[in-house]
Structure formats: structure tokens, C-alpha cells
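# Analysis of the macromolecular model
Residue-level listing of the chains:
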Amino acid sequence: MAALQIKRIYQPADKSDGKRILVDRLWPRGVKKEVAQLDEWMKAIAPSEALRKWFHQENDRAKWDEFKAKYLLELNDNPAVDELLDMISKSEIVTLLYAAHDEQHNHARILLQFIDELLKSG
């Protein structure tokens, strides 16, 4: 099973990142594509445009639990999850990249936990 981790895209790329997958719907501000050193950009795995806008509208952490629940519902019906699982199965290390400033309250953290649970359940 691959080692799975998350990292802000603004941090420098490193060999220990393994396969680098951007999991944001929008390209991160100020990041040049050459510097990002991406292997994949999976827009489809990110929260829907409507959910993303709703959560970031007021940048209100009080919405976090509701955002998490809504995003998990989206992931349950998202065919991109199978695509991501396939990529993970073919790699030793996978780093999910995100642009959010808040390292504790972001969709990549939810996605990491979701994928970890799927991999553990087999």
C-alpha cells in the first residue's frame, strides 16, 4: 500500500513527495506550472464549485463540520475516487497537494482521511 500524505503546493517539491497530485479545482495563485512539478491535476476530486464557494464565502470555520459532511457525500458519488485509488495503487508514495492557507481545515485533509479509510477497508 502506498504512503499517502498531503502538502501545501506552496512548499517546495521534494523527492519524498513521490507522485504529486493537485486536488484543487482552481489553479493556485502565484504558482508556475514548472515549479509545481505535478504528475496529475485532479480537478474532479475537489469539492464542487458550489460547495467550495459556499464554504469560502465568509471563511467561517463554524461551517467546517457541515462542509466536511457535504464533501464526504460528494466523494461517495464521485467516479474520480476510483481513478485516484488506481493511481495510489501504482505508486509507493502519493502526495495530495492543496493551496488552502488553513492546514487543519481544508478539503485535502478530508480527502486524505476518506482515502485512508477506503484503503484500510480493502
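Scope of this entry: the structure provided in the associated data block. All chains use their own residue numbering, which begins from 1 and follows the written sequence. Given that this is a predicted model, residues contribute local features only at a pLDDT of at least 70 and side-chain atom pairs are listed and counted only at 80 or more, while totals for whole chains, interfaces and linings are drawn from all residues. Water and hydrogen atoms were dropped before computing side-chain values, which therefore reflect all heavy atoms in the structure.

## Re the overall build of the protein chain
Just so we agree on the cut-off: We count a stretch as a helix when DSSP gives it H or I for four or more residues in a row; a strand needs E for two or more, and each element gets its number in order from the N terminus. Throughout, radius of gyration means the C-alpha value; the globule benchmark is 2.2 Å times the number of residues raised to the power 0.38. Only protein chains enter the area calculation, which uses a 1.4 Å probe; residues under 20% of their type maximum are buried, those over 50% are exposed, and those in between are partly exposed. The method behind every accessible area is Shrake-Rupley, applied with a 1.4 Å probe, and residues are considered shielded solely by the protein chains displayed. This count recognises Lys and Arg as positive and Asp and Glu as negative, with His and chain-terminal groups excluded. Charge placement uses NZ in Lys and CZ in Arg. For Asp and Glu, CG and CD serve respectively.
Along the backbone of the protein chain there are five helices and four strands. Reading the protein chain from its N end, one meets helices and strands in the order β-β-α-β-α-α-α-β-α. On C-alpha atoms alone, the protein chain measures out to a radius of gyration of 14 Å, which is about the 14 Å that the 2.2 N^0.38 rule sets for 122 residues. Principal axes of the C-alpha set define a box for the protein chain whose edges measure 35 × 35 × 20 Å. By residue count, 39% of the 122 residues in the protein chain fall in the buried class. Accessible area of the protein chain: about 7,400 Å², with a carbon and sulfur share of 48%. Here the protein chain contributes 19 positive and 21 negative side-chain charges, whose respective centroids are spaced 5 Å apart.

## Details of the packing of aromatic side chains
Applied cut-off: Each Phe, Tyr or Trp ring, with Trp reduced to its six-membered ring, pairs with another whose centre is within 6.5 Å; inter-plane angles below 30 degrees give stacked pairs, above 60 give edge-to-face pairs, and intermediate values give tilted ones.
Scanning the model with the defined rule gives five aromatic pairs in all. Note on Trp 27 and Trp 41: the rings are 5.1 Å apart at their centroids and 70° apart in plane angle, and the pair reads as edge-to-face. Of this pair, Trp 27 sits in the loop between β2 (19-22) and α1 (33-36) while Trp 41 is found in strand β3 (residues 40-41), placing the two residues 14 residues apart along the sequence. Note on Trp 27: relative accessible area 25%, which makes it partly exposed. Judged by centre distance (5.9 Å) and plane angle (55°), the rings of Phe 55 and Trp 64 are tilted.

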